[in-house]
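If you want the building blocks of each chain, they are given just below.
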Amino acid sequence: MAANPGTPWLVAGGWLSLAASALHVACIVGGEKWYRFVGAGEDIAMAAASGALWPHLLTLGIAVVLALWAAYAFSGAGRTRRPPLLRTALVLIAAVYLLRALVVLPALAIRPEALTPFAIVSSLIVLVYGVAYAVGTARAWMAMRQTT
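Predicted model only: the values in this text are computed from it and were never measured.

Asker: For this particular structure, what's the right way to read unusual backbone geometry?
Answerer: Phi is mostly negative for residues that are not glycine, and the peptide bonds are mostly trans. Here leucine 85, not a glycine, exhibits a phi torsion of approximately 55°, which is positive. In this structure, leucine 85 sits in the loop between helix H4 (54-76) and helix H5 (86-102).

Asker: Is there a simple way to explain H4 in this structure?
Answerer: Since the α-helix advances by 3.6 residues per turn, residues separated by three or four positions end up pointing in the same direction. Under the 1.5 Å per step criterion, the end-to-end length of H4 is 33 Å for 23 residues, consistent within 8% with the ideal 33 Å. Where H4 is buried, its residues meet helix H1 (7-30), helix H2 (32-37), helix H3 (42-49), H5 and helix H7 (117-140). Following H4 by one or two positions, glycine 78 adopts a phi angle in the positive range, close to 80°.

Asker: What am I meant to see in the environment of alanine 48 here?
Answerer: Following the sequence through the fold, alanine 48 ends up in helix H3. Taking the C-alpha atoms as reference points, alanine 48 and lysine 33, 15 residues apart in sequence, are found 9.3 Å from one another. Once you skip the residues sitting within four places of it in the chain, alanine 48 turns out to touch Glu32, Tyr35, Pro55 and His56.

Asker: Would you take a moment to explain the packing of H4 against H5 for this structure?
Answerer: The description of two packed helices rests on the angle between their axes and on the distance between the axes. Look at H4 against H5: their axes get within 10 Å of each other, and the N-to-C directions meet at 125°. Considered as vectors, H4 and H5 are oriented oblique to each other. Regarding H4 and H5, the two cross each other, and that crossing is left-handed. Contact residues: H4 offers Leu66, Trp69, Tyr72, Ala73, Ser75 and Gly76, while H5 offers Leu86, Ala89, Leu90, Ile93, Val96 and Tyr97. When its residues are assigned to classes, the contact of H4 with H5 shows 10 nonpolar, two polar and no charged.

About the criteria used
- Residues numbered from 1 in each chain as written.
- Predicted model: local features only at pLDDT ≥ 70, side-chain atom pairs only at ≥ 80, totals over all residues.
- Heavy atoms only, no water.
- Helix = DSSP H or I, 4+ residues; strand = E, 2+ residues; numbered from the N terminus.
- Expected span 1.5 Å × (residues − 1).
- Contact = heavy atoms within 4.5 Å.
- Axes fitted to C-alpha atoms, helices over the stretch in contact; angles between N-to-C directions.
- Parallel < 35°, antiparallel > 145°, perpendicular 65-115°, else oblique.
- Left-handed = near helix turned anticlockwise from the far one by under 90°.
- Nonpolar A, V, L, I, M, F, W, Y, C, P; charged D, E, K, R; others polar.

Take it as geometry only, folks, not as evidence of what the structure does.
Structure (structure tokens):
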């Protein structure tokens, strides 16, 4: 594989996704108080408090997806074995993070009073994730081309 100028960006994106995955696992372990602390919403916190399984399964699913995204970032950085559809997946992951970050813009126009500090802060955080993946993927594009 050729020198990869996207490596630092993708490694950073991978660690950020892995940290987010770990935070989701911490919510499962920490229960209702953790769900509230991270801003998951009162419905999820109350369901977890009442012993419902669905909040934990949903959160575990998100944690697994985030860990998978981290694996793709590390692979794009040349740190691990190449998974299927590497470049496509990294573009889609960057897009998901960036779209999630931008979700506050329509909310600002439609119901600005409904925006919470958590919504704004979490959108800014996810914007950083999206930028790391987007810049890393763009810079690593040629280094990630499939060789046969």
